[in-house]
Amino acid sequence: MGKKKNDTPKEKTYETADIPEYREPIDLETEYRDFPEEKLWSPSEDVDKWFSDYNVMARSVLTFVQEKQGISNEEAMENACSGYAEQYIADVLHNSQYLPEVALKKLLNKELPQKLIEKWDQKDIKIFEKGFLTYWTNFGLIQRKFLPHKNVEDLVEFYYVWKRTEAGRNLKRSCTRRPKRFTMRRISAELLSLKILQNAAKLPPKRRRKKNSKVLRKKTKAKVSKAKASKANQKTRAKKCSTAKR
């Protein structure tokens, strides 16, 4: 005989929660006064005084580091004066706790980000202009269709620099109308038309019913007899009219 199973159900265990004590509603002003927010960071007041000088020195350091890597002086200065370089200089200063000496040392010894050195070739610029003409400012589609080796962020940054150039202004002036956006409605309409055409191609050609030759003969005979009868009636009427006149 096998062992009997215990049919007694197991007791369920529930986790308990600590319910806080009831607090009467208080005005917001008193609540913020009694429980103020913790201040995590605040820049010193002297930053605005020396930040412009630090910015100039940091740009000169960036140009010096680029020249060490073999980049020409003009290109190095252009890269150091870009918007990304300005953001990079500010980030390094923030990470070094707003100590300009430490930040300048980091800029001198730290490896330059590849984004700062990378530049757009004429080939990539022409491809971007082609994509701009087809998809306007839809940078996601331009990146997928035309420039897969670039990021969308790179395209956006380049667009805001490119549109201020003479080539960008001339191209935008030549575009009197924006190109039609490839919306879902347009896609659905095209798919519907394709489905209709495919279904029409699959259908067999309509068979023409052959009319019975006997029925056709009877109809033609009836038509001929009616025509003859009408002619005979016209002749009899003409004869009657002539006799009446006499």
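The rules behind the values
- Residues numbered from 1 in each chain as written.
- Predicted model: local features only at pLDDT ≥ 70, side-chain atom pairs only at ≥ 80, totals over all residues.
- Heavy atoms only, no water.
- Helix = DSSP H or I, 4+ residues; strand = E, 2+ residues; numbered from the N terminus.
- Buried < 20%, exposed > 50% of the residue type's maximum accessible area, 1.4 Å probe, protein only.
- Contact = heavy atoms within 4.5 Å.
- Areas by Shrake-Rupley, 256 points an atom, 1.4 Å probe, with all protein chains shown as cover.
- Expected span 1.5 Å × (residues − 1).
- Bend = angle between axes of the 7 residues up to and from the residue.
- Axes fitted to C-alpha atoms, helices over the stretch in contact; angles between N-to-C directions.
- Parallel < 35°, antiparallel > 145°, perpendicular 65-115°, else oblique.
- Nonpolar A, V, L, I, M, F, W, Y, C, P; charged D, E, K, R; others polar.
- Lys, Arg positive; Asp, Glu negative; His and termini not counted.
- Salt bridge = Lys/Arg side-chain N within 4 Å of Asp/Glu carboxyl O.
- Left-handed = near helix turned anticlockwise from the far one by under 90°.
- Core = buried A, V, L, I, M, F, W, Y, C linked by side-chain atoms within 4.5 Å.
- pLDDT = per-residue confidence, 0-100.

### Quick look at the overall build of the protein chain
Part 1 of the reasoning: When its secondary structure is counted, the protein chain shows 12 helices and 0 strands.
Part 2 of the reasoning: Taken across its 246 residues, the protein chain has 20% of its residues classed as buried.
Part 3 of the reasoning: The contacts in the protein chain between residues at least 6 apart in sequence include a share of 55% that link residues at least 24 apart.
Part 4 of the reasoning: Element-wise, carbon and sulfur atoms account for 53% of the exposed surface of the protein chain, whose accessible area totals about 22500 Å².

### Re helix α2 (residues 47-68)
Part 1 of the reasoning: Given a rise of 1.5 Å per residue, 22 residues ought to cover 32 Å, and the 30 Å separating the end C-alpha atoms of α2 matches this to within 8%.
Part 2 of the reasoning: D53 marks where α2 bends most, by close to 25°.
Part 3 of the reasoning: Of the residues making up α2, those classed as buried are V47, Y54, N55, A58, R59, V61, L62, T63, V65 and Q66.
Part 4 of the reasoning: Looking at the residues trailing α2, positive phi occurs at G70, about 100°.

### Notes on the packing of helix α7 (residues 122-135) against helix α9 (residues 152-162)
Part 1 of the reasoning: Look at α7 against α9: their axes get within 12 Å of each other, and the N-to-C directions meet at 90°. Between α7 and α9, the angle is such that the two are roughly perpendicular. The segment α7 lies against α9, with I125, F128, E129 and F132 engaging L155, F158, Y159 and W162.
Part 2 of the reasoning: Each residue belonging to the contact of α7 with α9 can be placed in one class, and the counts come to 7 nonpolar, no polar and 1 charged.

### A closer look at unusual backbone geometry
Part 1 of the reasoning: Even without glycine at this site, Q97 takes up a positive phi of about 60°.
Part 2 of the reasoning: Its location among the elements puts Q97 in the loop between α4 (83-95) and α5 (100-109).
Part 3 of the reasoning: Accessibility expressed as a relative area gives 66% for Q97, which makes it exposed.
Part 4 of the reasoning: Even without a glycine there, the phi angle at Y98 is positive, about 60°.
Part 5 of the reasoning: Inspection of the secondary structure assignment puts Y98 in the loop between α4 and α5.

### As for the side chain of E129
Part 1 of the reasoning: Looking at the secondary structure, you find E129 in helix α7.
Part 2 of the reasoning: Buried and unpaired, E129 has no salt bridge, with K126 as the nearest side chain of opposite charge at 7.7 Å.
Part 3 of the reasoning: With sequence-adjacent residues up to four places away left out, E129 is seen in contact with W162, A167 and L171.

### Some remarks on the side chain of S96
Part 1 of the reasoning: Mapped onto the fold, S96 is located in the loop between α4 and α5.
Part 2 of the reasoning: Dropping the residues within four chain positions of it, S96 is found in contact with V102, A103 and K106.

### Looking at the packing of α2 against α5
Part 1 of the reasoning: With their axes 9 Å apart at the nearest point, α2 and α5 run at an angle of 15° to one another. Between α2 and α5, the interaxial angle falls into the category roughly parallel. For the pair α2 and α5, the crossing hand works out as right-handed. Facing α2, whose interface residues are W50, Y54, M57, A58, V61, L62, F64 and V65, α5 presents P100, A103, L104, L107 and L108.

### Quick look at the nonpolar core
Part 1 of the reasoning: Ranked by internal contacts, the top residues of the largest apolar core, which has 15 residues, are Y54, A58, L62, L104 and L107.
Part 2 of the reasoning: Broken down by secondary-structure element, the contributors of at least two residues to this core are α2, α4 and α5.
Part 3 of the reasoning: Listed in part, the 13 residues of the second largest apolar core include F132, W136, L155 and Y159.

### Some thoughts on the confidence of the model for the protein chain
Part 1 of the reasoning: Looking at the protein chain, pLDDT values average 75 and 64% of them are 70 or higher.
Part 2 of the reasoning: By mean pLDDT, the top-scoring element of the protein chain is α5 (91), and the lowest-scoring one is helix α11 (residues 184-202) (60).

### Some thoughts on the pattern of salt bridges
Part 1 of the reasoning: Summed over the entire model, instances satisfying the criterion amount to 2 salt bridges.
Part 2 of the reasoning: Between K49 and D46 there is a salt bridge whose closest N-O contact spans 3.9 Å.
Part 3 of the reasoning: Put simply, R59 and E86 hold a salt bridge, and the shortest N to O gap is 3.8 Å. Pair noted here: R59 is in helix α2 and E86 is in helix α4, with a separation of 27 residues, a long-range link.
Part 4 of the reasoning: Owing to a relative accessible area of 42%, E86 belongs among the partly exposed residues under this scheme.

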